[in-house]
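Each chain is listed here by its residues.
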Amino acid sequence: MASQPMNSSMPPNDTYGGDEIQAIILDAGYSSVRAGFAGEDTPKSFFSSSYGVTGNRTIFSDEDIHNPLLPELEIRNPMSKEGIVEDWDAATQLWEHAITSRLIRTKQGDPRKNGLNDVGGKDGVDVDMDAPDEEEKPLEEHPLLITETAWNTSKNREKAIEIAMENWGVPAFWLARNSVMASFAAGKATALVIDLGASTASVICIHDGLILKKSVQKSPLAGNWVSSQIRSLFGSVDPKVEVTPHFMISSKTPVDAGAPAQATYQKFENKITDSFRASEEERVLTEFKESVVQVYPGPGRLHYPHPVNGILNLENVKMSPGRVFEFPDGSNQMWGVDRMRIVEGLFDEKYALPTSEPPITKAQTIPEMVRASVSAVDVDLRPALLANIVVTGGTTLLQGFTDRLNWEISSLFPSARIKITAAGLTSERRFGSWVGGSILGSLGTFHQMWISRKEYEEFGASVVEKRCK
Amino acid sequence: MTSHDVRDMLDLPQEGAARPIKKQKVAAPRPVLKGLAREVQNLSGDNPIAIVPEGSIFKKRRFASRKPAAKWELRPFRNSARSDDSLILRHWRRLDEKRKLPPQPAGENRDSATQTMEGVVGGEEQMEDSGFAKFNVQVELFDYSPEEYESRLRSEDWTKDETDYLMKMVSQFDLRWPIIWDRYEYEPPIPEQAPSEADGNARAIIVAPKTRSMEDLKARYYAVTATMMVIRKPPIKMNSAEFSLHEVMLNFNPEQEKARKIFAENSFLRTKEEAREEESLLLELKRINARSERFSDERRELYARLDAPSSSSHTNNFTSSVGLGQLLQQLMSMDKSKKQRKSIMGGEGISPAGPSGPTQQNPDHRRESSARESISGPSAPNNKKGPPNPAERRQLSKEEEEMYGVSRHERIGTSGPAFRQEKIFKPLLAKSMNQQKIINNVLTELEIPPRLIMPTADVGESYDGLLTSINNLLDCRKVADKLTAEINIARAQKAERERLARESENAGEGGDVGAGAETVVGTGGKGNSGAPGSVNGTTTTTTTGPGPTNSEPRNEEKAGSPTASVKGVAHKRSASVMSAVSDKSAKRQKK
Ligand SMILES: Nc1ncnc2c1ncn2[C@@H]1O[C@H](COP(=O)(O)OP(=O)(O)OP(=O)(O)O)[C@@H](O)[C@H]1O
Ligand SMILES: [Mg+2]
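The structure displayed is predicted, hence computed values, not measured ones.

Participant: Would you mind going over the overall build of chain B in detail, with residue names and values included?
Facilitator: Secondary structure summary: chain B contains 23 helices and 3 strands in total. Taking all 591 residues of chain B together, the buried fraction comes to 25%. Contacts in chain B between residues far apart in sequence, at least 24 positions, make up 62% of those at least 6 positions apart. Carbon and sulfur atoms make up 56% of the accessible area of chain B, which amounts to about 43,300 Å² in all.

This is the structure we're talking about:
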């Protein structure tokens, strides 16, 4: 290292403009809460958005909410079906837990005295680290950046700054749109962001780091909807597939494909609530999504009525090998063309499987949202947007999704140049908006943007409407 | 098992594709190995697969140079780009020796937060500013006073309130029009009315907010800004960037922009088939164009060959080597001028009838030279068309002229600049020699030099005036001369008639004729001038003077001495008049 002296006294400001101030980024979605320090590449704290209620005890813990032994454990989610906060009390506690449990539980000590830098124990003073000041608020030293959806209500936005300032005592605060953050994570300031999370799918045009409000399109065709499609499929195949979550199985024996399960089931003294069971079933479904479900990648749609290269797309898929999935109870089955039919509704509303919910409309499908979103912006911007399509959110991890999306958008805008940017790493795709927040929060030029405590005290919560556009 | 198999198994490229670096190693002489080692070596063949690197390429850590770990501190700083001064953020910075705080007394039980916060309070003055504050740039906007708005910026379509709103949006979103347009939600203020009763009315009055297109917004903003720019700084004083900005804003045409966007939208929404069709049509058009171009090229070429120099007549010229050399030169230059000439019918098909030797050499020569050119690379000067056109005088555009304050005058336009002197002498030069002389006489009499000492515009003007009055005078004199001559003749005739009548009356007194005649002449002379002596005097001066005119002798011939005397008087008078006139001009000239 001697031959390559490193000047570490100043971070290389001129190269990437970073200047870290230990800001915390909080990105809360319907399915999970992501929190971590700005400047890092993955959130250190990753929690399920669900919390448990048993009796009058509220449980915020990734382990305990999966514990069937807790009496009458109800699983709840503070987020609404639109992916915005509904239950602020729970959300506040949940988020605080996510931050304090993994990021700043022990108050950061002075590095000279916290023992980590001691050389040979010269410093004999024992610093009392585990005595948190009761008066102190958890985030007094950390600016906080929270992400929000483009359709967040202004009441909700004001509530967010209130909690950050009043409850957590942050010195500075910012609310960022999660779609903008996702585009930042992809290194773009102007982009068309397609985000399929758990509760909502959205298509939003970003120009120069600001969302174009007229272009905001959202629909429920996201992870939860895919789960309901899977359930619908399970109910329609013969024999019906019953999803039995892991916690109910005490042991299982392997069986042949298609054969009934041979497993012994767990007995519980306490009542298992519907919400708990649903939440556990959802885990199985997510597994199914990850390993079986596949989007027909195109070209063309799955149900395209004319033969391509002498064969119908559907027939072509039927001939290709299927995938086997083993349920927790040991029953397993080959999933052929059905694994694609589940998600065809994302692109083609006519082939969505029937669910208890009202049928989806054409306008809710991804291609139609893209069309509507792009048509709502200035013509001059459109080529740039279509050349910078950013795909983010967990549901876009469905196999074949980006290929199909590419085909759909190309056929919508045949004369435009389409380029889709989708992070290759699973974590980057799922944490897109957190990563963008992490980048933004560590930029030196962002220091002037923060809403400071003084500004909050001066203008009140409405300052957030004025500043965070 | 050979190295080939090992490679096959490991999916390595075959021997030929070995990397050069490895070859280098192979070049080194290899020790002769024995036993198992040799077997292993045979396995790997010529290119040993290095598993263990030979010797360590890593340097050993130099513990000797290890210094104590650098100290870092969580240093507070503020950002001057912020509107409020209160936000103090902290980042890790290497502890600066000079700034180092005195060591904390041991046993002090304070944690870092309180410590640094106190440091902040104490050392607020020298707290550093963020290095990023300088990147905070803001759009410069022109703001207008209400008076300025009233006088210059009023518009039928825009209220002041909405204009204010627009300007606010523009500054808020830093002139990013797509965003401004996206977020533009102007609501006209609710007119204040009596609160309770007029409530229903008020709602009825409220006009639905106009939907503004991006072009409307731009047009308004540009109009306002262009006007304000001119108010703040007249176009003459703007620098070129400002001026061109002003021009651009002034010339913004929302209609054209709208039409362009509609066009862009249409082309954007073309279906695949339409796009393909358009593409193929364009290709077809290109092909047709290219074909017709080639056709006309060939035709031109053909014509050029047809009017080759007629060589039949002067074949003798080319019999000598000198003549041939000249011809070659001539042809070469012709050839160069038509460089892109292509052969249409196999090259020498229609070569001119002249000696074919040089012409046939020509293509070879050309090929050679072009080959040389290509060898020497593209950077070699390839310009054989002679020196580049002399730089044309730059023509100022209309805007530039306005900017630089260039003004054009018609009188200079045609013949270029000229001396005022010349302009003054132009009317003089148009006169006949005689008149020039007279005028010069007058001028010398007035003591005005023929060449003006200081021909300023004013002086020239009065000089002009002087000349015209001299001219007038001369004209007057001419007329007067004519009239007096006629009067004299008439008188003489009358006298003659009277004399004849008297003669006929007194037929007897014939002897008195001579004396009578004398008296008549005498009285005639007296009646005209009243001072015969002076008349004589002037007559002599005119005759002996430096410029006797041509007309005078003629007059004398016609009318005899009386006219001459009259003339003298007229001259005298005119001179006196003139002195009166020229007094003024002389004074002016002295100025
Ligand atoms: N590999 C995968 N394949 C398919 N779906 C997946 C995969 N991994 C996660 N998902 C789904 O993605 C969803 C979670 O995505 P994400 O974390 O982006 O949502 P979120 O941001 O919490 O929700 P929202 O954006 O709606 O508030 C879940 O529904 C999950 O089932
Ligand atoms: Mg999300």
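Next comes the rest of the description.
Participant: Can you lay out the pairing of strand β1 (residues 72-78) of chain B for me, pointing to particular residues and giving the numbers?
Facilitator: Residue and element names in this part refer to chain B. Across the 7 residues of β1, 6 count as buried, placing the element largely inside the fold. Looking at chain direction, β1 and strand β2 (residues 89-94) are connected through 6 bridges and run antiparallel. Across the sheet, residue phenylalanine 77 finds its bridge partner in β2, namely leucine 89. Bridging between β1 and strand β3 (residues 128-129) involves 2 bridges; their strand directions are parallel.

Participant: Give me the lowdown on the nonpolar core, citing residues and values where you can.
Facilitator: Proteins that are soluble and globular tend to have nonpolar side chains buried together. In this structure, A:Trp335, A:Leu346, A:Ile366, A:Val370 and A:Leu386 are the most contacted members of the largest nonpolar core, which totals 81 residues. If near-sequence neighbours (up to four positions away) are discounted, A:Val370 is found in contact with A:Leu192, A:Ile194, A:Val203, A:Ile409, A:Leu412 and A:Phe413.

Participant: Please set out the packing of helix α5 (residues 146-153) of chain B against helix α9 (residues 214-232) of chain B residue by residue, giving values where relevant.
Facilitator: Residue and element names in this part refer to chain B. At a minimum axis distance of 11 Å, the contact between α5 and α9 shows a crossing angle of 105°. By the angle between their axes, α5 is roughly perpendicular relative to α9. In this structure, α5 uses Glu148, Tyr149, Arg152 and Leu153 to contact α9, whose residues at the interface are Arg220, Val224, Thr227, Met228, Ile231 and Arg232.

Participant: Describe helix α2 (residues 88-102) of chain A, naming the residues involved and giving the relevant values.
Facilitator: Residue and element names in this part refer to chain A. Taking 1.5 Å per residue, 15 residues should reach 21 Å; α2 reaches 21 Å between its end C-alpha atoms and fits that length. Here α2 has its buried residues at Trp88, Ala90, Ala91, Thr92, Leu94, Trp95, Ala98, Ile99 and Ser101. Buried residues belonging to α2 abut β1 (24-28), β2 (32-37), β3 (45-48), β4 (51-54), β7 (144-148) and α3 (154-167).

Participant: Let's hear about the sheet that holds β2(B): which residues, and what values?
Facilitator: Across the sheet, which stays open at both edges, the 3 strands sit in the order β2-β1-β3 (chain B) with mixed pairing between neighbours. Looking along the sheet, the strands with just one partner apiece sit at the ends: β2 and β3 of chain B.

Participant: Pulling in residues and values, what's your account of the sheet that holds β1(A)?
Facilitator: Residues and elements named next belong to chain A. Pairing is mixed in the open sheet, where 6 strands are placed in the order β3-β2-β1-β7-β8-β19. Each edge of the open sheet carries a strand with a single partner, namely β3 and β19 (451-452). Two strands pair when backbone bridges link them, and β1 and β2 are joined in this way by 5 bridges, in the antiparallel orientation. Counterpart to isoleucine 24 in the pairing with β2 is phenylalanine 37. Contacts from α2 reach β1, β2, β3 and β7, with the element oriented near 145° to β3. Here helix α13 (residues 432-441) sits on the sheet in contact with β1, β2 and β7, set at roughly 155° to β1.

Participant: Got a sec to walk through the environment of B:Met403? Specific residues and values, please.
Facilitator: Residue and element names in this part refer to chain B. Mapping methionine 403 onto the fold places it in helix α15 (residues 398-404). Take methionine 403: its relative accessible area is 11%, and that puts it in the buried class. Between the C-alpha atom of methionine 403 and that of serine 244, which follows or precedes it by 159 residues, the distance is 9.9 Å. Dropping the residues within four chain positions of it, methionine 403 is found in contact with Ile236, Ser240 and Phe243.

Participant: Hey, could you go over the pattern of salt bridges for me, with residue numbers and the actual values?
Facilitator: Residue and element names in this part refer to chain B. Overall, the coordinates contain 46 salt bridges over all chains when judged by the stated rule. With a shortest N-O distance of 2.9 Å, arginine 212 and aspartate 157 are connected by a salt bridge. Remark: aspartate 157 occurs in the loop between α5 and α6 (160-172) and arginine 212 occurs in the loop between α8 (199-205) and α9; sequence separation between them is 55 residues.

Participant: Lay out the site of ligand 1 in plain terms, naming residues and giving numbers.
Facilitator: Residue and element names in this part refer to chain A. Around ligand 1, 19 residues are found, and the nearest of them are Tyr30, Ser31, Ser199, Lys289 and Gly394. Contacts to ligand 1 include arginine 34, whose side-chain N or O atom sits 3.1 Å from an oxygen atom. Contact between ligand 1 and serine 199: an oxygen atom at 2.7 Å from a side-chain N or O atom of the residue. Out of a free accessible area of 650 Å², ligand 1 has 92% covered by protein chains. Looking at the shell around ligand 1, the elements that each hand over two or more residues are β2 and α6 (274-291). When the residues that make up the shell around ligand 1 are grouped by side-chain class, the tally is 4 nonpolar, 11 polar and 4 charged.

What counts and how
Throughout, a residue's number is its position along its own chain's written sequence, starting from 1. Both sets of labels track the order of writing: A upward for chains, 1 upward for ligands. Since the coordinates come from a predicted model, pLDDT governs what is reported: local features require at least 70, and pairs of side-chain atoms require 80 or more to be given and counted, while whole-chain, interface and lining totals use all residues. As a rule here, side-chain values cover all heavy atoms of the structure and leave hydrogens and water aside. Comment: elements are numbered from the N terminus, with helices defined as DSSP H or I runs of at least four residues and strands as E runs of at least two. Categorising residues by exposure relies on relative accessible area from a 1.4 Å probe, with only protein chains included: less than 20% of the type maximum marks a residue as buried, more than 50% marks it as exposed, and the intermediate range marks it as partly exposed. Contacts: residue pairs with any heavy atoms within 4.5 Å of one another. Computed by Shrake-Rupley with a 1.4 Å probe, the accessible areas treat only the displayed protein chains as cover when residues are assessed. One requirement defines pairing of two strands: DSSP has to find at least two bridges between them. Residues belong to one nonpolar core when they are buried, are Ala, Val, Leu, Ile, Met, Phe, Trp, Tyr or Cys, and are joined through side-chain atoms within 4.5 Å. Only the contacting stretch of a helix is used when fitting its axis, a line to C-alpha atoms as for every element, and angles between N-to-C directions run 0 to 180 degrees. Angle categories: roughly parallel below 35 degrees, roughly antiparallel above 145, roughly perpendicular from 65 to 115, and oblique for all the rest. The span you would expect from a helix comes to 1.5 Å times its residue count less one. Put simply, a salt bridge is a Lys or Arg side-chain nitrogen that is within 4 Å of an Asp or Glu carboxyl oxygen. We call a residue near a molecule or strand whenever a single non-hydrogen atom of that residue lies within 4 Å of it. For this analysis, a polar contact is any N or O atom pair within 3.5 Å, provided that within protein one partner can donate a hydrogen and the other can accept it, and provided that sequence-adjacent residues contribute only side-chain to side-chain pairs. Each residue gets one label: Ala, Val, Leu, Ile, Met, Phe, Trp, Tyr, Cys and Pro are nonpolar, Asp, Glu, Lys and Arg are charged, and the others, such as Gly, are polar.

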